[in-house]
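Here are the chains, one letter per residue:
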Amino acid sequence: MTENSPDGVKPYSGPAGGWEALAAVAQAVRKEMETEVANTRALLRMNQPDGFDCPGCAWPDPKHTSSFEFCENGAKAVTWEATGKRASPAFFAEHSVSDLWSWSDHALEDAGRLTTPLRYEAATDHFVPVSWEEAFAGIAARLNALDHPDRAEFYTSGRASNESAFMYQLLARAFGTNNFPDCSNMCHEPTSIGLPQSIGIGKGTVSLEDFDHADAIFCIGHNPGTNHPRMLTTLRAAAKRGVPIIVANPLKERGLERFAAPQDPVEMLTLSSTRLASAYHQVKVGGDVAMLKGMMKALLAADEALRAGGGEGLLDRAFIAEHTVGFDDLRADLDTTSWSAIERRSGLSRAAIESMAEVYWNAERVIACYGMGITQHRHGTENVRQIVNLLLLRGNMGKSGAGICPLRGHSNVQGDRTVGITEIPTEAFLERLDAAFGITAPRKHGHNAVDALAAMADGSSRAFIGLGGNFAVAMPDPAVAFAAFRGLDLNVQIITKLNRTALLTATHSYILPCLGRTERDLRAGTQQAMTVEDSMSMVHASRGTLKPASDALISEVAVIAGIARATLAQCPIDWEGLSNDYARIRDKIEEVFPEFADFNARIAVPGGFRLPNGAAERVWHTSNGKANFLAGAPLDEDDGLDEGTLVCTTLRSHDQYNTTIYGLNDRYRGISGRRDVVFVNADDLAALGLSHGDTVDVVASDDRVLARQTAVAYPIARGSVAAYYPEANLLVDARDYDRQCGVPSYKSIPVKLRAHLAADRQAE
Ligand SMILES: Nc1nc2c(c(=O)[nH]1)N[C@H]1C(S)=C(S)[C@@H](COP(=O)(O)OP(=O)(O)OC[C@H]3O[C@@H](n4cnc5c(=O)[nH]c(N)nc54)[C@H](O)[C@@H]3O)O[C@H]1N2
Ligand SMILES: Nc1nc2c(c(=O)[nH]1)N[C@H]1C(S)=C(S)[C@@H](COP(=O)(O)OP(=O)(O)OC[C@H]3O[C@@H](n4cnc5c(=O)[nH]c(N)nc54)[C@H](O)[C@@H]3O)O[C@H]1N2
Ligand SMILES: [Mo]
């Protein structure tokens, strides 16, 4: 691969972490910061009991956070927000929207923090400054002109705090709709929808301490070295205890293989590192159901053999009898699933799958972790359920050192859901909301992300308000998404930095800049704290410490209250009072959600508190009161793909946060200075008559082509290719999503690769 390697492609041989990670932090700080000192101090306040929660990922903090837990990508997230650069009114006077449209996603955000509210002026094609009150009045006029509240979409991205998310759902419901497209719909929806039917809760069951007691850890379809770097410290500790860590991932990911902990002077000074994965299985993209069924089939066979010899067997029969329903159906399904189908669909040999199963049954306590590699498929919900099935077979749920661990995305995506961001609210919740505020919330279920986009595209939805995020870029198929926005009557973006969705101007468009999590939030002269919930259901306070990027900035809560006051003239809710004292919002959250009892008192304790988690206690809040084995659909031998079709998955680079592109490097995958690459197995390249470094087109259909990518021979499962998100979103058909939960199939896109023709090149 090194020979004749194209520019910017050179295999990375170091561990994850180490000196290069420290150097990357120093570089990020230098690039973004006005004064290095102030912001180095900012980094030191991150994830401290009296500081702010890292806006990076949702991995929990260790219980007694006393030392700075190092994380390169957390540092990048903070420095990107705390940058000295500003996209001020002068910037918008200089650049028209058409001009900005031609900028890259990286360049748009790199313009810096937004400083004032802006309104789009079609006549000049510029965003111009407006006062907050003018903006609120203008938005209210458009919302109130809609012929039905269901014509508006209220999108949430997962950085919103519990307080702002709660206020936001209140605004939308007081206005009259349950239309809550949410970034979670593109992310862990199979967890939110799939897990409740299996185990009665749409969240993970493990806590951080469980990792200290696990005897085996499975990491399926997630890339912690980049997306949850603080998890590497946890995995390292487990590896050092000799705990097997079994990885299932189509790509070799350095962050799952080896880690040099920057806090460890010995590793740093001796340039040594700790091995993480004890076995690495390169499952085919989309092959996880087959792999998991294979593991269970092997387990049942070994169990039977042992029992035939008079032994006890390998299943936790007492647990299955007392706590579960559906075992016989699962066994019947596994009996009829053939090994040839399993091998073919997973791309793994029977021996490899049996070896995974053996590690599983030899361990008393097993944690299974998973991320987007599991969820973002048209069979994402089924993937999640098969992981649960595997765990239930040996009672690996609700006991110390065992359980399911979805790696959540945004730092508060889980909390937003907990406090009411859902298009399918329960009647019980709505009754409590009505009682707490003297309103009548709408009962009709609303739109998720896929429904919202469809409604915007067909003209039935006319207004979009985004609480953070970059919806049009994050969703599949920009051709559909961009046109949908341009046809709207109202586009409001409550954001910190300029992005493409804000440039998709509707008849009326506003950009409402808000404070970020790192910044001091003074309301009525008092510094406010907000709260977030991490991946493991821990709720804790977060207080910004930095000077706001501009004096005109107000918090998300204040923006929401401003829109609400202007829009809902008859509403009995004291928007102003709530937005001036977040403790009062928390009192209301507690009134609506009893699990937040003593909310304000409990966040005064460093580290916060854990929300109740029935499944972690073997209490199953399912319709039958049991944990359910859900066998799912039979596994076909045939994957339904034509000859020469490969399955494309989409990935985050090491230098991005979702649609925010910090830079063009992907250090651990050996890519620098570019993102126009597609990772392909060398044998697949050869079979297609292509070579490493060739310029290729990735073709999903005639009108969905990711053109002119450089093919990179990479250790990836055969039949699978990978490209970067969001560039590759144009390959995803907006109609291709998991019918059980609506998550787009971002990670199994059937494609063909073809050489980019010189003729096309000349024509370009
Ligand atoms: N620095 C940084 N941190 C982040 C984010 C970020 O963009 N940057 N994003 C945040 C968000 S919103 C989220 S949701 C999380 C995402 O965190 P991850 O879930 O780690 O996200 P992805 O980069 O999408 O990577 C998924 C992994 O799944 C593998 N994979 C792809 N297809 C398959 C498959 O079919 N089967 C299996 N078994 N594996 C597969 C890929 O090779 C890759 O290693 O991270 C959060 N944290
Ligand atoms: N092909 C493909 N597509 C994907 C994915 C994939 O793996 N592959 N992953 C999906 C996933 S998991 C997710 S979560 C979505 C992400 O979708 P979104 O959540 O919509 O996108 P982000 O890129 O996280 O949003 C970035 C924007 O948020 C704003 N922002 C940042 N911080 C704050 C803040 O504190 N407050 C406010 N109000 N705004 C802020 C900034 O202006 C920035 O431009 O994308 C999805 N799309
Ligand atoms: Mo996500």
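Definitions and limits used
Residues numbered from 1 in each chain as written. Chains lettered and ligands numbered in written order. Predicted model: local features only at pLDDT ≥ 70, side-chain atom pairs only at ≥ 80, totals over all residues. Heavy atoms only, no water. UniProt positions renumbered as here; feature names shortened; annotations may be inferred. Helix = DSSP H or I, 4+ residues; strand = E, 2+ residues; numbered from the N terminus. Rg over C-alpha atoms; globule rule 2.2 N^0.38 Å. Buried < 20%, exposed > 50% of the residue type's maximum accessible area, 1.4 Å probe, protein only. Contact = heavy atoms within 4.5 Å. Core = buried A, V, L, I, M, F, W, Y, C linked by side-chain atoms within 4.5 Å. Pairing = 2+ DSSP bridges. Axes fitted to C-alpha atoms, helices over the stretch in contact; angles between N-to-C directions. Near = heavy atom within 4 Å. Polar contact = N/O pair within 3.5 Å; in protein donor to acceptor, adjacent residues only side chain to side chain. Areas by Shrake-Rupley, 256 points an atom, 1.4 Å probe, with all protein chains shown as cover. Nonpolar A, V, L, I, M, F, W, Y, C, P; charged D, E, K, R; others polar. Domains from an automatic or database assignment. Buried area = accessible area lost by both parts, 1.4 Å probe. Salt bridge = Lys/Arg side-chain N within 4 Å of Asp/Glu carboxyl O. Phe/Tyr/Trp six-rings, centres within 6.5 Å; stacked < 30°, edge-to-face > 60°.

- The name given to the protein chain in an unreviewed UniProt entry is Molybdopterin-dependent oxidoreductase alpha subunit, with Ancylobacter tetraedralis as the source organism.
- Quoted verbatim from the Sequence similarities (unreviewed entry) heading of the UniProt record, the comment on the protein chain is "Belongs to the prokaryotic molybdopterin-containing oxidoreductase family."

1. Topic: the overall build of the protein chain
Thinking step 1. Of regular secondary structure, the protein chain possesses 33 helices and 31 strands.
Thinking step 2. Relative to its length of 764 residues, the protein chain is compact, with a C-alpha radius of gyration of 25 Å against a globular reference of 27 Å.
Thinking step 3. Expressed along its principal axes, the backbone C-alpha trace of the protein chain runs to roughly 80 × 65 × 55 Å.
Thinking step 4. Within the protein chain, buried positions represent 63% of all 764 residues.
Thinking step 5. Looking at the protein chain alone, contacts between residues at least 24 apart form 78% of all its contacts between residues at least 6 apart.

2. Here's the deal with the nonpolar core
Thinking step 1. Ranked by size, the top nonpolar core spans 62 residues in total, and within it Leu-143, Phe-437, Leu-512 and Trp-575 carry the most contacts.
Thinking step 2. Residues within four places of Leu-512 in sequence aside, it is in contact with Pro-117, Trp-132, Ala-135, Ile-139, Val-492, Gln-493, Ile-494, Ile-495, Val-559 and Ile-563.
Thinking step 3. Phe-327, Tyr-370, Leu-393 and Met-397 belong to the second-largest nonpolar core, a separate cluster that totals 55 residues.

3. A few points about the sheet that holds strand β6 (residues 152-156)
Thinking step 1. As summarised here, the arrangement of the 6 strands in space is β5-β4-β17-β16-β15-β6, forming an open sheet in which the pairing is mixed. Because the sheet does not close on itself, it has two edges, and the strands there are β5 (126-129) and β6. Neighbour-to-neighbour, the strand axes of the sheet open up by a mean angle of 20°, direction not taken into account.

4. Side note on the site of ligand 2
Thinking step 1. Not every one of the 32 residues close to ligand 2 is listed here, only the nearest: Glu-109, Tyr-155, Ser-157, Thr-659 and Asn-729.
Thinking step 2. Here an oxygen atom of ligand 2 sits 2.6 Å away from a polar atom, N or O, in the side chain of Tyr-155.
Thinking step 3. Interatomic distance of 3.0 Å between a side-chain N/O atom of His-410 and an oxygen atom of ligand 2.
Thinking step 4. In the complex, 96% of the free accessible area of ligand 2, which totals 930 Å², lies under the protein chains.
Thinking step 5. Among the elements of the structure, α25 (471-474) and β16 (490-495) are those that each provide at least two residues to the shell around ligand 2.

5. A closer look at the site of ligand 1
Thinking step 1. Every one of the 32 residues lining ligand 1 counts as a neighbour, but Asn-249, Glu-253, Gly-286, Asp-288 and Asn-658 are closest to it.
Thinking step 2. Take Gly-286: an N or O atom from its main chain is 2.7 Å from an oxygen atom of ligand 1.
Thinking step 3. Between ligand 1 and Gln-656 there is a distance of 2.8 Å, counted from a nitrogen atom to a backbone nitrogen or oxygen.
Thinking step 4. Protein burial of ligand 1: of its 920 Å² of free accessible surface, 99% is covered by the chains.
Thinking step 5. Contributions of two or more residues to the shell around ligand 1 are made by α11 (224-227), α20 (372-375), β24 (646-651) and β25 (656-657).
Thinking step 6. Partitioning the shell around ligand 1 into residue classes produces 11 nonpolar, 17 polar and 4 charged.

6. Points about the domain arrangement of the protein chain
Thinking step 1. We note that the domain assignment places domain 1 (86-186 + 412-607), domain 2 (189-406) and domain 3 (646-763) within the protein chain.
Thinking step 2. Put simply, the middle of domain 2 and the middle of domain 3, counted by C-alpha atoms, are 27 Å apart.
Thinking step 3. Tallying the contact residues gives 27 residues for domain 2 and 28 residues for domain 3.
Thinking step 4. Around 2,200 Å² of area is buried between domain 2 and domain 3 when both sides are counted, 54% of it from carbon and sulfur atoms.
Thinking step 5. At the boundary of domain 2 and domain 3, one finds 2 salt bridges.

7. Looking at the UniProt feature "domain: Molybdopterin dinucleotide-binding" (unreviewed entry) in the protein chain
Thinking step 1. Mapped onto this numbering, the UniProt entry gives "domain: Molybdopterin dinucleotide-binding" (unreviewed entry) at residues 646-749.
Thinking step 2. Between the C-alpha atoms that bound residues 646-749 there is a distance of 8 Å. The span itself is 6% helix and 36% strand.

8. Comments concerning the packing of aromatic side chains
Thinking step 1. The tally for this structure, following the rule as stated, stands at 28 aromatic pairs.
Thinking step 2. Here the aromatic rings of Phe-91 and Trp-103 are separated by 5.7 Å at their centres, their planes lie at 85°, and the arrangement is edge-to-face. One end of the pair, Phe-91, is in helix α4 (residues 89-94); the other, Trp-103, is in the loop between α5 (97-101) and α6 (105-110), with 12 residues separating them in the sequence.
Thinking step 3. Ring plane angle 35° and centroid distance 5.1 Å describe the contact between Phe-464 and Phe-471, whose orientation is recorded as tilted.

9. Side note on the environment of Trp-575
Thinking step 1. Of note, Trp-575 is situated in helix α29 (residues 575-580).
Thinking step 2. Here the alpha-carbon distance between Trp-575 and Asp-587, two residues 12 residues apart in the chain, equals 14 Å.
Thinking step 3. When neighbours within four sequence positions are excluded, Trp-575 is seen to be in contact with Met-167, Leu-170, Leu-171, Ala-174, Ala-561, Ala-564, Arg-565 and Leu-568.

10. Let's talk about the sheet that holds strand β11 (residues 279-281)
Thinking step 1. Taken in spatial order, the 5 strands make up an open sheet running β11-β8-β7-β13-β14, and their pairing is parallel. In this open sheet, the two strands that pair with only one neighbour each are β11 and β14 (403-406). In this sheet, adjacent strand axes meet at a mean angle of 15° when their direction is disregarded.
Thinking step 2. Relative to strand β13 (residues 366-370), strand β7 (residues 216-220) runs parallel, the two being bridged by 5 bridges.

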